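# Reading the structure
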Amino acid sequence: MKIKKLVVNSLQEAVEEVRNLYGPDATILSTRIIKKRLIPFLPFISRSQLEVTIGIPDTEDFSNHLKSQESVYEEINKLKESLREVVELVKKQKVEPPEETKPIESEYSLRALNLMNKLINKGVARDVAKAIIDAGCGYDYELKRLDLKGETYESLKMGLESTLNLVRDFESSLQDFKIIALVGPTGVGKTTTVAKLAYYIKELGKKVGVITIDSYRVGAVQQLKTFISIMELPFRTADTPQRLRECIGELSSMDVVLVDTGGRSHYDDIKVKELVPFFNKLPTLEIYFTVSANMDERVMAEALERFSVLPIKGLIFTKMDETLYHGYVLNLAYRTKLPILCWTTGQRVPKDLVMANYEYLTKLFLKVEE
Ligand SMILES: Nc1nc2c(ncn2[C@@H]2O[C@H](COP(=O)(O)OP(=O)(O)OP(=O)(O)O)[C@@H](O)[C@H]2O)c(=O)[nH]1
Ligand SMILES: [Mg+2]
């Protein structure tokens, strides 16, 4: 605040002067009567006047003060808003607990509940586990609860049979010429699985040829060529859709032609879409999305979505030996309704391959991990 002094003739004059000169915010702080000489060297000729001390608010300081107050109010309002949101959220949670914290219904017998928990502990999503157990249960009128229909193994197998699709008729489906292609993210084990499948099909007494369209990785062709030449099977490399058609023509006397593709990062849309012209309008083609069982289930689902620019017929899960959460495999198969062709359980070619069957799956979930 600035201080000023004015000399005026009356209080009335002081009030008007202060308002005119310094605005409505200026205030009169004090007044004092003074004698003013009319003629400087004659002290007795004087007149009474009023000395007024006024205070003028510093406008800049004042507006800064106001501004800082404004931002404090803004901050308070924001906090109020956040608090309101938190209260709303807490209210909602009270009404509808999230899926994971919901208690499992008490309408199941203890052993049915135990089995359901076993599945959940191995990564099976709650809704999927419930669907499997429901399918393996019947209503027990004595217990007044749902109970497993038979022994644990049988009931789980029954539950899996009615909820999950597996390619069960693979062997009998090899009567007619068939092209089987494996696609999927990089490094999941496609090439290794193609080699294992080639051996399996050969052992069924079928004629099998292999084509690779992996033109990205140096050494990729050689890796498969070595496996296939050991098995003495015909092998071709195709780097264009046209060449792939030619190779298929050359191998038309086979029962099965297996096609290996180079891994494509599912984050690289362009590379995934590059496969489309290769497989366009190929009759008797079956494309299997190959994914590693040790991947996070969200990553698996995301990758499958990207590869769905191709007509995916079924699923192959590799590296089953590298995870304890086999439930992720069930979740993807259950949600997509795609049939599983096979699992791979290690690096050994051709040994570590299991063609899809419910017995293996049932044992997998009942196995006690050390
Ligand atoms: N533990 C384990 N390793 C496996 C399995 N299948 C493949 N592998 C290993 O995974 C690695 C990659 O295998 P590849 O067959 O080259 O994988 P890919 O999908 O063809 O790879 P890209 O062509 O680069 O996309 C190799 O070291 C394999 O030995 C399996 O079932 N279990
Ligand atoms: Mg490969």
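Refer to the preceding data block for the structure.
Notes on the structure follow. (Residues numbered from 1 in each chain as written. Chains lettered and ligands numbered in written order. Predicted model: local features only at pLDDT ≥ 70, side-chain atom pairs only at ≥ 80, totals over all residues. Heavy atoms only, no water.)

### Concerning the pairing of strand β9 (residues 256–260)
Spelled out, the test is: Relative accessibility decides the category of a residue: with a 1.4 Å probe and only protein chains considered, values under 20% of the type maximum give buried, values over 50% give exposed, and everything between is partly exposed. A run of DSSP states H or I qualifies as a helix once it reaches four residues; a run of E qualifies as a strand once it reaches two. Both are numbered from the N-terminal end. Strands qualify as paired when DSSP identifies two bridges or more between them.
In terms of burial, β9 is largely enclosed, as five of its five residues are buried. Pairing analysis gives five bridges linking strand β6 (residues 178–183) to β9, with the strands arranged parallel. Its bridge partner being in β9, L182 is matched across the sheet by D260.

### Here we look at the pattern of salt bridges
What counts here: Only one rule defines a salt bridge in this text: a Lys or Arg side-chain nitrogen within 4 Å of an Asp or Glu carboxyl oxygen.
Taken as a whole and assessed by the stated rule, the structure comprises 14 salt bridges. Of the charged contacts in the structure, one is a salt bridge between E286 and K313, with a shortest N-O distance of 3.7 Å. Of this pair, E286 sits in strand β10 (residues 285–292) while K313 is found in strand β11 (residues 312–318), placing the two residues 27 residues apart along the sequence. With a relative accessible area of 13%, E286 lands in the buried category. Taken together, the shared-partner salt bridges in this structure form one network comprising R236, R243, E246 and E250.

### Brief notes about the packing of aromatic side chains
Stated precisely, the cut-off is as follows: Under the pairing criterion, centres of Phe, Tyr and Trp rings, with the six-membered ring standing for Trp, must be within 6.5 Å; the plane angle then separates stacked pairs below 30 degrees from edge-to-face pairs above 60, leaving the rest tilted. The rule for a charge over a ring is simple: NZ of Lys or CZ of Arg within 6 Å of the ring centre, and within 35 degrees of the ring normal.
According to the stated counting rule, one finds five aromatic pairs in the structure shown. In this structure, K337 is placed above the aromatic ring of Y334, and the distance from its NZ or CZ to the ring centre is 4.0 Å.

### Observations concerning helix α3 (residues 110–121)
Let me state the cut-off plainly: Expected span, for any helix, means 1.5 Å times one less than how many residues it has. To obtain the arc, one takes the directions from the helix axis to the C-beta atoms. Contacts are assigned to residue pairs with any non-hydrogen atoms lying within 4.5 Å of each other.
An ideal rise of 1.5 Å per residue puts 16 Å on 12 residues; α3 measures up with 16 Å between its terminal C-alpha atoms. Inspection of α3 places A112, L113, L115, M116 and L119 among the buried residues, and these make up the whole buried set. Here the buried residues of α3 occupy an arc of 160° about the axis, which is enough to place them on one side. The exposed set on the far side of α3, more than 90 degrees from its buried face, consists of L110 and N121. Elements that come into contact with the buried residues of α3 comprise α4 (126–136), β4 (137–140), β5 (145–148), α5 (152–163) and α13 (358–366). Trailing α3 by a residue or two, G123 shows a phi angle of about 95°, which is positive.

### Remarks on the pairing of β11
Short version of the rule: When the strands point away from the viewer, a crossover counts as right-handed if the path from the first strand over the helix to the second runs clockwise.
A large share of β11 lies buried, amounting to six of its seven residues. Relative to β11, β10 is paired through six bridges, and the arrangement is parallel. Note on β11: the bridge partner recorded for V291 is F317. Handedness of the crossover is the feature at issue here: the chain leaves β10, passes through helix α11 (residues 297–307), returns alongside β11, and the resulting connection is right-handed. Traced from β11 through helix α12 (residues 327–336) to strand β12 (residues 340–344), the parallel crossover comes out right-handed.

### Overview of the packing of α5 against α13
Let me state the cut-off plainly: Axis definition: a line fitted to C-alpha atoms, limited for helices to the stretch in contact. Angles are taken between N-to-C directions and run from 0 to 180 degrees. The scheme is simple: roughly parallel for angles under 35 degrees, roughly antiparallel for over 145, roughly perpendicular for 65 to 115, oblique for anything else. Note on convention: the crossing is left-handed when the near helix lies turned anticlockwise from the far helix by less than a right angle, right-handed when the turn is clockwise. Amino acids outside the nonpolar list (Ala, Val, Leu, Ile, Met, Phe, Trp, Tyr, Cys, Pro) and the charged list (Asp, Glu, Lys, Arg) are all regarded as polar, and Gly is one of them.
Where α5 meets α13, the closest approach of the two axes is 9 Å, and the angle between their N-to-C directions is 120°. Put simply, α5 runs oblique to α13. Crossing hand, α5 versus α13: right-handed. Contact with α5, carried on its side by T152, Y153, L156, K157, L160 and E161, involves Y358, E359, L361, T362, K363, F365 and L366 of α13 and no other residues of that element. A breakdown of the residues in the contact of α5 with α13 according to their chemical character gives seven nonpolar, two polar and four charged.

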